[in-house]
Amino acid sequence: QSALTQPASVSGSPGQSITISCSGTSSDVGAYNYVSWYQRHPGKAPKLMIYDVGNRPSGVSNRFSGSKSGNTASLIISGLQAEDEADYYCSSYSSRSRWVFGGGTKLTVL
Amino acid sequence: EVQLVESGGVVVQPGGSLRLSCAASGFTFDDYAMHWVRQAPGKGLEWVSLITWDGTSTYYADSVKGRFTISRDNNKNSLFLQMSSLRAEDTALYYCAKTYGSSWYYFDYWGPGTLVAVSS
């Protein structure tokens, strides 16, 4: 069982927007703004998509955004494209110099 | 181009030991802290360990503390994970990951992983 809770799967049609939630606790997501999101295509290494809750690294599409409310963070993908189909993982810094991940969410573009 | 390549993963018996290596290239290795992250079959990602750029500070997940030791050789651009007292639950794909910028909190480049299987 992963420390952060994500839905196992979400789906959407091209052009639509989807949200992936990431639920933690007051010791991780709720305590720090060090939340990040990773995209992983099958057989590939994870790619950093969002850091500091809602910032995008250079080169990441502005269709990807992030937010946080209380102990729950969210990844929003707008204007869904076929290439967005992948697994998405959230991560947060936690107390006592630890890092925690979610179990991953499989995004299907219909 | 940043490249991270893990090696050393094999099948090992419970209670055994193993040393994983990660060869880094394409960036100034000793400018960055480095992490190990693992993924067990059918499970999510699990953070394992962090080492600072100079190797003076290390951090571990509770599940591996006292059994795993992270280290690095900046002269050889290499990261290591010494694993001992291995258990079935340590079976996983082990990734080394570079930290993002000056922050320890994020992982911007990952290797393809090396598979460790603990089985009798």
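Described in the following lines is the structure provided in the data block. Only a predicted model underlies this, so the values are computations on that prediction, with no experimental measurement involved. (Residues numbered from 1 in each chain as written. Chains lettered and ligands numbered in written order. Predicted model: local features only at pLDDT ≥ 70, side-chain atom pairs only at ≥ 80, totals over all residues. Heavy atoms only, no water.)

1. Details of the sheet that holds strand β6 (residues 72–77) of chain A
What links the strands of a sheet is backbone hydrogen bonding, and the strands pair in either a parallel or an antiparallel sense. All names here are of chain A. Strand order in the open sheet made by the three strands is β2-β6-β5, with antiparallel pairing throughout. Single-partner strands in this sheet number two, and they are β2 (18–23) and β5 (64–69). Across this sheet, the average inter-strand angle for adjacent strands is 20 degrees, counted without regard to direction. Strand direction decides the pairing type here: β2 and β6, joined by six bridges, are antiparallel. Looking across to β6, one finds that Ser23 is bridged to Thr72. (Pairing = 2+ DSSP bridges. Helix = DSSP H or I, 4+ residues; strand = E, 2+ residues; numbered from the N terminus. Axes fitted to C-alpha atoms, helices over the stretch in contact; angles between N-to-C directions.)

2. Structural notes on the packing of aromatic side chains
Two aromatic rings, taken as a pair, are described by how far apart their centres are and by the angle between their planes. Counted under the stated rule, the structure contains 22 aromatic pairs over all chains. The rings of Tyr32, Tyr34, Tyr51, Tyr93 and Trp99 of chain A together with Trp47, Tyr100, Tyr105 and Tyr106 of chain B are connected pair by pair, giving a single aromatic cluster. A cation over a ring is seen here: Arg19 of chain B above Phe80 of chain B, with NZ or CZ 3.8 Å from the ring centre. Over the ring of Phe27 of chain B we find Lys98 of chain B; its NZ or CZ atom is 5.7 Å from the centre of that ring. (Phe/Tyr/Trp six-rings, centres within 6.5 Å; stacked < 30°, edge-to-face > 60°. Lys NZ or Arg CZ within 6 Å of the ring centre and 35° of its normal.)

3. Regarding the pairing of strand β7 (residues 68–73) of chain B
Residues and elements named next belong to chain B. Burial of β7 is one-sided: the residues Phe68, Ile70 and Arg72 facing one way are buried, the residues Thr69, Ser71 and Asp73 facing the other way are not. Pairing analysis gives six bridges linking β7 to strand β8 (residues 78–83), with the strands arranged antiparallel. Bridge pairing in β8 places Thr69 opposite Gln82. Taking the residues between adjacent antiparallel strands as the criterion, β7 and β8 are bridged by four residues, where Asn77 takes a positive phi near 50 degrees. (Buried < 20%, exposed > 50% of the residue type's maximum accessible area, 1.4 Å probe, protein only.)

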